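# Coordinate analysis (summary)
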Amino acid sequence: MADSKLMNLDQIEKRLEALESRNAFQDDVIEQLNEELSIHQIELSNLKEQLSFLAKRIKENTPEDNDIAAVEPPPPHY
């Protein structure tokens, strides 16, 4: 009976060590993913700003419908 309890404790200890090892590995992976996510959030924010800037520039440089005639005079044969 004492041997079975000892084996059971050894098995529990091995399983506990395995779980602690997996937990440490998962903590490391979570930290790495968190760092990558932070980097991607910053990049996404920068890209949104650039897209907004480009949309504004395009809107400023696109002639309105009533400005089209002023930009392109009719051909000489009209």
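Residues numbered from 1 in each chain as written. Predicted model: local features only at pLDDT ≥ 70, side-chain atom pairs only at ≥ 80, totals over all residues. Heavy atoms only, no water.

### Examining the overall build of the protein chain
- Of the regular secondary structure elements, the protein chain holds 2 helices and 0 strands.
- Within the protein chain, buried positions represent 0% of all 78 residues.
- For the protein chain, the exposed surface amounts to about 7,900 Å²; the carbon and sulfur share of it is 58%. (Helix = DSSP H or I, 4+ residues; strand = E, 2+ residues; numbered from the N terminus. Buried < 20%, exposed > 50% of the residue type's maximum accessible area, 1.4 Å probe, protein only. Areas by Shrake-Rupley, 256 points an atom, 1.4 Å probe, with all protein chains shown as cover.)

### So, a negative patch on the surface
- Residues D27, D28, E31, E35, E36 and E43 make up a contiguous surface patch of negative charge.
- Within the secondary structure layout, E35 lies in helix α1 (residues 2-61). (Patch = residues over 30% accessible without salt bridge, like charges linked within 9 Å, V, L, I, M, F, W, Y side chains within 5 Å. Salt bridge = Lys/Arg side-chain N within 4 Å of Asp/Glu carboxyl O. Lys, Arg positive; Asp, Glu negative; His and termini not counted. Charge placed at Lys NZ, Arg CZ, Asp CG, Glu CD.)

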